[in-house]
Amino acid sequence: MQDGTSESRGEESEAAEREAAKRRLLAQAEADRVPVEETTRAVPDRRWRRDR
């Protein structure tokens, strides 16, 4: 029965590591996010019409 116990512990630790990695990624994404107020409005690029 010890083999099954060690496998489940290994799976639990892997799940915990995945969860921690997911939280780190989300925290990094939130830190890199630019608030909407700080972005500029996109201006349409109409240069392709001049070539026609």
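Nothing here was measured: the structure is a model prediction, and the numbers come from that model.

J.: Help me understand the overall build of the protein chain, please; the structure alone is not making it clear to me.
T.: Regarding its fold elements, the protein chain presents two helices and zero strands. Considering the protein chain as a whole, with its 52 residues, one finds that 0% of them fall into the buried category. Per element, the accessible surface of the protein chain, about 5,600 Å² overall, is 50% carbon and sulfur.

J.: What should I look at first to understand the pattern of salt bridges in this one?
T.: Two side chains bearing opposite charge may form a pair once their charged atoms approach each other closely. Taken as a whole and judged by the stated rule, the model has three salt bridges. R23 is the salt-bridge partner of E19, the closest N and O atoms lying 3.5 Å from each other. Linking E19 with R23, this pair stays in helix 1 (residues 2–32), spanning four residues, or about one helical turn. Since its relative accessible area comes to 57%, R23 is described here as exposed.

J.: Help me understand a negative patch on the surface in this model?
T.: On the surface, a cluster of negative charge is made up of E7, E11, E12, E14 and E17. On the secondary structure map, E12 appears in helix 1. Classification of E12 by relative accessible area gives exposed; the value is 56%.

Thresholds applied
- Here the residue numbers are simple positions, counted from 1 along each chain's written sequence.
- This being a predicted model, a pLDDT of at least 70 is required before a residue's local features are given, and a value of 80 or more before pairs of side-chain atoms are given or counted; all residues contribute to the totals for chains, interfaces and linings.
- With hydrogens and water excluded, all non-hydrogen atoms of the structure serve as input to the side-chain values.
- Helix and strand assignments follow DSSP, with helices taken as H or I runs no shorter than four residues and strands as E runs no shorter than two, numbered in order from the N terminus.
- Whether a residue is buried, partly exposed or exposed follows from its accessible area with a 1.4 Å probe, protein chains only, as a fraction of its type maximum: under 20%, in between, or over 50%, in that order.
- Throughout, the Shrake-Rupley method with a 1.4 Å probe supplies accessible areas, and for residues the shown protein chains are the sole cover considered.
- The working definition used for a salt bridge is a side-chain nitrogen of Lys or Arg within 4 Å of a carboxyl oxygen of Asp or Glu.
- Nonpolar side chains (Val, Leu, Ile, Met, Phe, Trp, Tyr) within 5 Å and like charges within 9 Å form the patches, drawn only from residues with over 30% relative accessible area and no salt bridge.
- Only four residue types enter the tally: Lys and Arg on the positive side, Asp and Glu on the negative side; His and the chain ends are excluded.
- The atom standing in for a charge is NZ when the residue is Lys, CZ when it is Arg, CG when it is Asp and CD when it is Glu.

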